[in-house]
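Overview (structure and organization)
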Amino acid sequence: VCRQNAFQVIAVDGVCSGIIQCLSAEDCIDWLQAIASNISNLTKHNIKKINRNFPVNQQIVYMGWTEEREQDSLQDRMYTPKFLALRGSSLYKFIAPPVTTWDWTRAEKTFSVYEIMCKILKDSDLLDRRKHCFSVQSESGEDLYFSVELESDLTLWEKAFQTATFLEVERIQCKTYACVLESHLMGLTIDFSMGFVCFDAATKAVLWRYKFSQLKGSSDDGKSKIKFLFQNQDTKQIEAKELEFSNLFAVLHCIHSFFAAKVACLDPLFVGSQATASAAPTTSGTGKLKYTT
């Protein structure tokens, strides 16, 4: 901010290059792009080496530095460097990059990729002068705000998050959440092939089921209730179903992830780019629930 067309490089151990000022904005961008490309290539090489020690369902899709915006009582607003990684079913947030296998168990926070929501922020959504920002809403509804240096970093993150979510949805195929309907304990299964299935938790008897294409709308109260609007295939009438969950945001994000994966399957370019990763078995070790009518 103090000097135009300037940057600095900071190593993992905190050693800093000091501020390097360029003669023009173009020179500054060229340097940043060159350094970023080198870091990116080295990171990709490192990911390949690390992935040799991990099974197919725990492969690393992304690793890189970001800065997280925090609320500080003394400095009002501040950014803290954080290292993000997308590996298997999880988004990891570290203070420092993981070096050993043990380091992966010591993340500052871990999130299930299909139960969080990522949003690339437009100029009108930015909270300060920093550009290239994105937010992540966790399964608890907490909003995390991140900034990266370059637009290319933002594009790389967005593609990596989409890929990680798609691969995980393909792998698990279905997810079941406990819910309450008219004071009765139920279960709602979001199934990649079948759609939505609501069943009695005690008897496993199915109350209703709808395909993804039958969902015409939904709303929630921001606390625990979701109201689904499904279209009956025979009568074409809209049928409303309201369920109550203890983990509302996780359910909403999971539904969004499954829909996004469904849409991605219609894009031959996207599916083609996942060919190598998805060539491995996509079903989890546990079988699907069996329902009775």
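Here the structure is shown first, and the text comes after it.
These numbers come from a predicted model, not from an experiment.

Once that is clear, we can look at the layout of surface pockets. Size it by volume and the second largest pocket reaches roughly 330 Å³. Considering the residues around the second largest pocket, the lining is formed by 16 residues, among which F161, Q162, T165, H256 and A260 are closest to the centre. Elements that contribute at least two residues to the lining of the second largest pocket include exactly β7 (117-120), α2 (151-172) and α3 (248-264). Among the residues making up the lining of the second largest pocket, the classes are represented as ten nonpolar, four polar and two charged. Each of domain 1 (55-172) and domain 2 (174-266) contributes no fewer than three residues to the lining of the second largest pocket.

Take α3 next. If you check α3, its first and last C-alpha atoms are 24 Å apart, about what 17 residues at 1.5 Å a residue would give, namely 24 Å. Every buried residue of α3 is listed here: L248, A250, V251, H253, C254, I255, S257, F258, A261 and A264.

L188, F196, F228 and L243 are the most contacted members of the largest nonpolar core, which totals 29 residues. Counting residues per element, the ones that place at least two in this core are α2, β10 (174-181), β11 (184-191), β12 (195-200), β13 (206-210), β15 (225-231) and α3. When residues of this core are assigned to domains, at least three map to each of domain 1 (55-172) and domain 2 (174-266). Once residues lying within four places of it in the same chain are set aside, the contact partners of F228 are L188, F196, L215, G217, S218, E239, A240, K241, L243 and I255. In terms of nonpolar packing, the next biggest core, distinct from the first, is built from 17 residues, Y62, L84, L86 and L144 among them.

Moving on to the packing of aromatic side chains. Considering all chains together, one arrives at 19 aromatic pairs under this definition. Where Y62 meets W157, the ring centres are 5.3 Å apart and the plane angle is 75°; that geometry is what we call edge-to-face. With Y62 in strand β3 (residues 60-72) and W157 in helix α2, this pair connects stretches of sequence that are 95 residues apart. Relative accessible area serves as the criterion here: at 7%, Y62 is assigned to the buried category.

What follows deals with the pairing of strand β9 (residues 143-147). With respect to burial, β9 is a largely interior element, four of its five residues being buried. Inspection of the sheet shows strand β8 (residues 133-137) paired to β9 by five bridges, in the antiparallel sense. Along β9, the bridge assignment pairs F134 with F146. Connecting β8 to the next strand, β9, in antiparallel fashion are five residues, including G141 with a positive phi near 95°.

Rules used in this analysis
- Residues numbered from 1 in each chain as written.
- Predicted model: local features only at pLDDT ≥ 70, side-chain atom pairs only at ≥ 80, totals over all residues.
- Heavy atoms only, no water.
- 1 Å grid on protein atoms, 1.4 Å probe; cavity = no way out; pocket = protein on both sides within 12 Å on 5 of 7 lines; lining within 4 Å.
- Points joined across faces, edges and corners; volume = space filled by probe spheres on them.
- Helix = DSSP H or I, 4+ residues; strand = E, 2+ residues; numbered from the N terminus.
- Nonpolar A, V, L, I, M, F, W, Y, C, P; charged D, E, K, R; others polar.
- Domains from an automatic or database assignment.
- Expected span 1.5 Å × (residues − 1).
- Buried < 20%, exposed > 50% of the residue type's maximum accessible area, 1.4 Å probe, protein only.
- Core = buried A, V, L, I, M, F, W, Y, C linked by side-chain atoms within 4.5 Å.
- Contact = heavy atoms within 4.5 Å.
- Phe/Tyr/Trp six-rings, centres within 6.5 Å; stacked < 30°, edge-to-face > 60°.
- Pairing = 2+ DSSP bridges.

Shape is all these values report; function is a separate question.
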